[in-house]
Each structure stands twice: as C-alpha cells, then as structure tokens.
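# Topology and contacts: notes
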Amino acid sequence: NMQTNCQSNSNTPNKIPVTSPSLVSVVVLTLESCGRNLKCALLLDSGSTTSLLDEEYADLLHLKGPKKELKLSWSGGKNRIIEDSMIVKVKGTGIHDNARTFDIYFRTVKNLGMPPQDFNSEEVRKKFKYLKDLPLVSYSRLIGVIGTYQWRFFKQQKWIGTQEKNSRVRPA
C-alpha cells in the first residue's frame, strides 16, 4: 500500500487568497482505492451539495469513472464549468481506532485551488489546555470538499438522494 501525505508543491492558478489565519471545518480520512491509501484532509462545506476531489489525488489513487460536465457556482456570482469531471467512488475511513468505512462519491476537478490550511494539533493543545484530550489530527493541505448536505447522512446511516444521483454518500 502506498501511504502519502497530502502536501504538494504544485502552483495552482486558482488559489483562494487568505488574508488572516482561520480554521475551517475539516475531516481527516484515509481514502482507499485500487490497493492504494491516501491519508488526507477534506473541507466540510455547508453550502455544497457535491463532493469534490482534486484530480491530482484522484490520479494518485488510480480512480477512474465516467466523465461528465460539472457546473460549479458559489457566492459572489462566480461560476466554473469543468468539461471532463470524472464521477468516482472511493472508500473513506476515519483515522481513529474502530473507525467506520464509507463509500464516498466525488467529482474530480483539475486544480481545485484549495487555500493553505496548516493545522498543528500539538500547538493547539499547548495553547488551549482544555483541548488536550481531544483526538485532534495535524494536517497541511486540503485536497477536496465534502458537501455537508451529504456529510450529515453519515450520522443517519442510510441512503438519501440528492439532486445528482452520483453525489451521494453512503455508509458501508
């Protein structure tokens, strides 16, 4: 099995400028496909109905799936059309003992352009003593987005459809 951290030196033209330090809602998972494992951080996006994965990491996992046009829209009236976004399924497992495994459907996006998001769990534990017993995990790069519209289904542990058939998340 290939174990990879999620750092990359690639220059992404669509980087979102970050003007001050902030933390976002993130889940750290191990993604698995074709006998390859990738421990990574994914943004939980409360406004997204589709989960997105940077194409670079889909390639690392040897993910393949049908290609279909993907239209993205976000605040400020910005839109982006991806002509050849793959629809892929990957196993996602939490990184703690006895973590469950889920099938996650992603749409691939070339140069997703996620902002830098360094999180050092030891520094946070030192600064905020009341967090010392929480299972915090360090990470340095976000490689995708899980739409929280889908993420909440993990807790319900059943299929619930969304507008797009292939943007569902289901527990295994």
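As the structure is a prediction and not an experimental result, all values here were calculated from the model.

Check the secondary structure of the protein and you find four helices and eight strands. Along the protein, helices (α) and strands (β) appear in the sequence β-β-β-α-β-β-β-α-β-α-α-β when read from the amino end. Taken across its 172 residues, the protein has 40% of its residues classed as buried. A separation of at least 24 residues holds for 62% of the contacts in the protein among residues at least 6 apart in sequence. For the protein, the exposed area adds up to about 10200 Å²; of that, 49% sits on carbon and sulfur atoms.

Okay, unusual backbone geometry next. Leave glycine aside and you will find that most residues have negative phi; peptide bonds, for their part, are mostly trans. The backbone phi angle of histidine 62 is positive, close to 55°, even though this residue is not glycine. Of note, histidine 62 is situated in the loop between helix H1 (55–60) and strand S4 (67–74). The phi dihedral of asparagine 98 falls on the positive side, at around 60°, and the residue is not glycine. By the secondary structure assignment, asparagine 98 is in the loop between strand S5 (78–94) and strand S6 (101–109).

This brings us to the confidence of the model for the protein. Considering every residue of the protein, the mean pLDDT works out to 77; 73% of them sit at 70 or more. Of the regions scoring below 50 in pLDDT, residues 1–18 engages in 42 contacts with residues more than four places distant in sequence or in other chains. Note that pLDDT drops below 50 for residues 152–172; the model gives that stretch 42 contacts with residues more than four away or on any other chain.

Attention now moves to the packing of aromatic side chains. Evaluated as defined, the whole model comprises two aromatic pairs. Here the aromatic rings of phenylalanine 128 and tyrosine 130 are separated by 6.0 Å at their centres, their planes lie at 65°, and the arrangement is edge-to-face.

Structurally, serine 75 is set in the loop between S4 and S5. The sequence separation of serine 75 and glycine 47 amounts to 28 residues, and the corresponding C-alpha distance is 9.5 Å.

About the cut-offs
- Residues numbered from 1 in each chain as written.
- Predicted model: local features only at pLDDT ≥ 70, side-chain atom pairs only at ≥ 80, totals over all residues.
- Heavy atoms only, no water.
- Helix = DSSP H or I, 4+ residues; strand = E, 2+ residues; numbered from the N terminus.
- Buried < 20%, exposed > 50% of the residue type's maximum accessible area, 1.4 Å probe, protein only.
- Contact = heavy atoms within 4.5 Å.
- Areas by Shrake-Rupley, 256 points an atom, 1.4 Å probe, with all protein chains shown as cover.
- pLDDT = per-residue confidence, 0-100.
- Phe/Tyr/Trp six-rings, centres within 6.5 Å; stacked < 30°, edge-to-face > 60°.

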